[in-house]
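# An overview of the molecular structure
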Amino acid sequence: MKWLYDNWMKATPFLAVYSFILVLLYLRDVNYALYLIWLQGIIYWAHEFEEYVMPGGFLDFFNRNMMKSDGGEYPLTKAGSFWINIPLVYIAMPFSALLAHFFGLKFGLWTAYFSFLNAFAHVVMFFKFGRKYNPGLVVSILLNIPVGAYTVWYFISNNLVSGTTNVVSIIVGILAQASMMIYGFGYLVPKMKREKALSK
């Protein structure tokens with residue numbers, strides 16, 4: 001597992017490039033709405049590439065700034081990052097796109113909301129920490145936010161999903177983003193405080 005914890009993020013550029021080529025060639029002109037859904041996961045892989053590979057350093061930024069930790073790999077570890085990202089970005093987002101392909105577009109819209117919300121959090125961090133760059137910010141501004149917002153606009157303006165589906169998609173997107181925040185502030189922060197108390 002240690003190898004996976006250290007290297008999972010290195011797959012992101014290949015997944016993003018190859019998947020983008022495939023959906024661009026075989027899906028964009030056939031089902032544009034479905035293409036937009038697949039695009040959310042592809043863009044998120046690019047987002048993770050910036051966070052963890054080039055320039056990387058998201059763990060260090062998150063721990064030192066958000067968690068107020070003295071160490072760059074504590075309390076959010078490589079293993080923790082793996083278990084946050086793999087189920088959500090490598091499994092849930094592509095699986096939702098597959099569901100949207102076979103059972104209806106309504107199963108994929110949440111990914112656009114999640115992509116937008118997560119990217120917006122990077123913008124908030126930029127201003128919160130004195131206009132300090134955080135890994136993932138550039139892709140958030142250039143891709144996640146505009147493509148996520150455009151996807152939502154496209155679906156709503158073309159009546160591709162019902163109002164109920166849109167509300168459910170918003171809720172699921174918020175819950176997906178909240179799961180990351182709950183892990184950080186609901187689990188890691190109390191854990192760090194307990195360990196500091198025990199070390200005194």
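A brief structural summary. (Residues numbered from 1 in each chain as written. Predicted model: local features only at pLDDT ≥ 70, side-chain atom pairs only at ≥ 80, totals over all residues. Heavy atoms only, no water.)

Moving on, we come to the overall build of the chain. What the chain contains, in helices and strands, is 8 helices and 0 strands. When the elements of the chain are put in sequence order from the N terminus, they spell out α-α-α-α-α-α-α-α. In terms of overall size, the chain behaves like a compact globule, its C-alpha atoms giving a radius of gyration of 18 Å where 200 residues would be expected to give roughly 16 Å. Summarising its shape, the C-alpha atoms of the chain cover approximately 60 × 35 × 35 Å along the three principal directions. A total of 200 residues make up the chain; the buried ones form 46% of that total. At a minimum sequence separation of 6, the contacts of the chain that also span at least 24 residues come to 73%. When the accessible surface of the chain is summed, it comes to about 10,700 Å², and 71% of that surface belongs to carbon and sulfur atoms. Counting 15 positive and 9 negative side-chain charges, the chain places the averaged centre of each group 8 Å from the other. (Helix = DSSP H or I, 4+ residues; strand = E, 2+ residues; numbered from the N terminus. Rg over C-alpha atoms; globule rule 2.2 N^0.38 Å. Buried < 20%, exposed > 50% of the residue type's maximum accessible area, 1.4 Å probe, protein only. Contact = heavy atoms within 4.5 Å. Areas by Shrake-Rupley, 256 points an atom, 1.4 Å probe, with all protein chains shown as cover. Lys, Arg positive; Asp, Glu negative; His and termini not counted. Charge placed at Lys NZ, Arg CZ, Asp CG, Glu CD.)

Working definition: an aromatic ring pair is given by the centre-to-centre distance plus the angle between the planes. Under the criterion given, the structure shown has 17 aromatic pairs. Over the face of the ring belonging to F129 we find K128, whose NZ or CZ atom lies 5.7 Å from the ring centre. (Phe/Tyr/Trp six-rings, centres within 6.5 Å; stacked < 30°, edge-to-face > 60°. Lys NZ or Arg CZ within 6 Å of the ring centre and 35° of its normal.)

Here we come to helix α2 (residues 12-26). For α2, with 15 residues, the first-to-last C-alpha span of 21 Å sits near the 21 Å given by 1.5 Å per residue. For α2, every residue scored as buried is listed here: T12, A16 and V23. Looking down the long axis of α2, one finds its buried residues gathered within 55° of arc, a one-sided arrangement. Across from the buried face of α2, at angles greater than 90 degrees, the exposed residues are F14, Y18, L25 and Y26. Buried residues along α2 sit in contact with α3 (32-52) and α5 (78-103). (Expected span 1.5 Å × (residues − 1). Arc of directions from axis to C-beta.)

Roughly 520 Å³ of internal volume is contained in the largest pocket. Lining the largest pocket we find 27 residues, and of these N118, A121, Q177, M180 and M181 sit closest to its centre. Put simply, the parts of the chain that give the lining of the largest pocket at least two residues each are α3, α4 (58-66), α5, α6 (110-128) and α8 (163-199). (1 Å grid on protein atoms, 1.4 Å probe; cavity = no way out; pocket = protein on both sides within 12 Å on 5 of 7 lines; lining within 4 Å. Points joined across faces, edges and corners; volume = space filled by probe spheres on them.)

Next up on the list: the nonpolar core. Within the largest apolar cluster, 52 residues are counted, with the highest numbers of intra-cluster contacts made by F114 and F155. Mapped onto this core, the elements with two or more residues apiece are α2, α3, α4, α5, α6, α7 (137-157) and α8. The greatest single-element share of this core, amounting to 11 residues, is contributed by α3. Not counting residues within four places of it along the chain, the set of residues in contact with F114 comprises Y44, L88, M93, G173, A176, Q177 and M180. (Core = buried A, V, L, I, M, F, W, Y, C linked by side-chain atoms within 4.5 Å.)

Okay, the packing of α3 against α5 next. Interhelical geometry of α3 versus α5 gives an angle of 165° and a closest axis separation of 8 Å. Between α3 and α5, the interaxial angle falls into the category roughly antiparallel. You can see that α3 and α5 cross each other, and the crossing is left-handed. Every residue of α5 that contacts α3 at L34, I37, W38, Q40, G41, Y44, W45, E48 and Y52 is listed here: S81, N85, V89, Y90, M93, P94, A97, L98, A100 and H101. Its residues assigned to classes, the contact of α3 with α5 comprises 13 nonpolar, 5 polar and 1 charged. (Axes fitted to C-alpha atoms, helices over the stretch in contact; angles between N-to-C directions. Parallel < 35°, antiparallel > 145°, perpendicular 65-115°, else oblique. Left-handed = near helix turned anticlockwise from the far one by under 90°. Nonpolar A, V, L, I, M, F, W, Y, C, P; charged D, E, K, R; others polar.)

Residue M54 is joined to P55 through a cis peptide bond whose omega torsion reads 0°. With respect to the helices and strands, the residue P55 is situated in the loop between α3 and α4. Of note, the amide linkage connecting Y74 to P75 takes the cis form, showing an omega dihedral of 10°. When you line up the elements, P75 lands in the loop between α4 and α5. Its identity is not glycine, yet N159 carries a phi of approximately 50°, on the positive side. Using a relative accessible area of 67% as the deciding quantity, one classes N159 as exposed.

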